[in-house]
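Notes for the structure review
Residue-level listing of the chains:
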Amino acid sequence: MSSERDRKRAFALSGRADVRDAALAMLREPGDGALVVRGRPRWFILKCPCGCGDDISINLDSRTGPAWRYYQDKHGFTLFPSIWRESGCRSHFIIWANRILWFDGYDDEPDESDLEQTVLSALNLDERHFAEIAQELDQIPWAVLAAARGLVRKGLAEETDREHGGWFKRRWAGAPGFWHTEVL
Ligand SMILES: [Zn+2]
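A few points on the structure. All values derive from a computational prediction rather than experimental measurement.

Further remarks concern unusual backbone geometry. Cis geometry is found at the peptide bond from Phe80 to Pro81, where omega equals -5 degrees. The phi dihedral of Asn98 is positive, around 65 degrees, even though this residue is not glycine. Position of Asn98 relative to the elements: it lies in the loop between strand 7 (92-96) and strand 8 (99-102). The residue Asp138 is not glycine, and still its phi comes out positive at about 55 degrees.

Put into structure tokens, the structure is as follows:
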């Protein structure tokens, strides 16, 4: 078990290769990652950013089972959903725009207030999952999640108790008991 101090908070994509061994050879430091692409994205290989020394393989090919998705844009590399190791160090983190955010509490809450109005317009009184909204809006899911939580802090939305979280609905700001008479 490594201490919190050793954890990496920066992610670096080292490159891509067509076989896994070649991708592994690119990894030097904790938090380094590489893609295995052979016709299509196959694997994302990561040297665990906690410092435990393990290499993590993440499936990117939905034909072979549950698959993660990655995004590359001007802000960097993003992976969705989170990485949660069920063995070894049991680390749980996300990679978003070349940053590694640890799940035992973000130390700097990402600010996505620019996106809040767009996300609010996609919310209604039935709960929706942030990943579905992200797909509809063509946005990075973590950005939509942060914007939705910003709306919750402002009292404009609520996160429901369903499953492990991530389900949001619009919060009606009118007087209690009267909202159902409004046309929404
Ligand atoms: Zn680890």
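When the terminal C-alpha atoms of helix 4 (residues 141-153) are compared, their 18 Å separation across 13 residues agrees well with the 18 Å that a helix rising 1.5 Å per residue should span. The element helix 4 is extensively covered by neighbouring structure, given that 11 of its 13 residues are classed as buried. The set of residues buried in helix 4 consists of Pro141, Trp142, Ala143, Val144, Leu145, Ala146, Ala147, Ala148, Arg149, Gly150 and Leu151. In this structure, the buried side of helix 4 is in contact with strand 6 (76-84), strand 7, helix 2 (116-122), helix 3 (130-137), strand 10 (157-159) and strand 11 (167-170). Count one or two residues on from helix 4 and you reach Gly155, which has phi positive near 80 degrees.

A word on the nonpolar core. Among the nonpolar cores identified, the biggest contains 33 residues, and Ile45, Val119, Phe130, Val144, Ala147 and Ala148 are the most heavily contacted of them. Secondary-structure elements contributing two or more residues to this core are strand 2 (32-38), strand 3 (40-47), strand 7, strand 8, helix 3 and helix 4. Broken down by element, this core gets its largest block of residues, 8 residues, from helix 4. Looking at this core, you find at least three residues from each of domain 1 (4-102) and domain 2 (113-171). Non-local contacts of Ala147, meaning those with residues more than four positions away in its chain, are made with Glu112, Leu115, Glu116 and Val119.

A separate point is the sheet that holds strand 11. If you trace the 3 strands from one edge of the open sheet to the other, you get 9-11-10, paired in antiparallel fashion. Two strands close off the open sheet at either side, each with one partner strand: strand 9 (128-129) and strand 10. Pairing of strand 9 with strand 11, which is carried by 2 bridges, proceeds in the antiparallel orientation. What sits directly across from His129, in strand 11, is Trp167. Sheet strands in contact with helix 4 are strand 10 and strand 11, and its direction is about 115 degrees off that of strand 10.

It is worth spelling out the pairing of strand 11 at this point. Put simply, side chains in a regular strand alternate between the two faces of the sheet. One ladder, built from 3 bridges, connects strand 10 with strand 11; its direction is antiparallel. Bridge assignment links Glu158 to a residue of strand 11, and that residue is Lys169.

Now for the environment of Gly51. Of note, Gly51 is situated in the loop between strand 3 and strand 4 (55-59). With 20 residues separating them in the primary sequence, Gly51 and Gly31 have C-alpha atoms 8.2 Å apart.

Looking now at the sheet that holds strand 1 (residues 12-17). Spatially, 1-2-3-4 is the arrangement adopted by the 4 strands of the open sheet, whose pairing is mixed. The open sheet has two edge strands with one neighbour each: strand 1 and strand 4. Mean inter-strand twist for the sheet, computed between neighbouring axes without regard to direction, equals 25 degrees. In this structure, strand 3 lies alongside strand 4, joined through 5 bridges in antiparallel fashion.

Procedures and definitions
Residues numbered from 1 in each chain as written. Predicted model: local features only at pLDDT ≥ 70, side-chain atom pairs only at ≥ 80, totals over all residues. Helix = DSSP H or I, 4+ residues; strand = E, 2+ residues; numbered from the N terminus. Expected span 1.5 Å × (residues − 1). Buried ≥ 20, exposed ≤ 12 C-beta atoms within 10 Å, placed from the backbone. Contact = placed C-beta atoms within 7 Å. Core = buried A, V, L, I, M, F, W, Y, C linked by C-beta atoms within 7 Å. Domains from an automatic or database assignment. Pairing = 2+ DSSP bridges. Axes fitted to C-alpha atoms, helices over the stretch in contact; angles between N-to-C directions.

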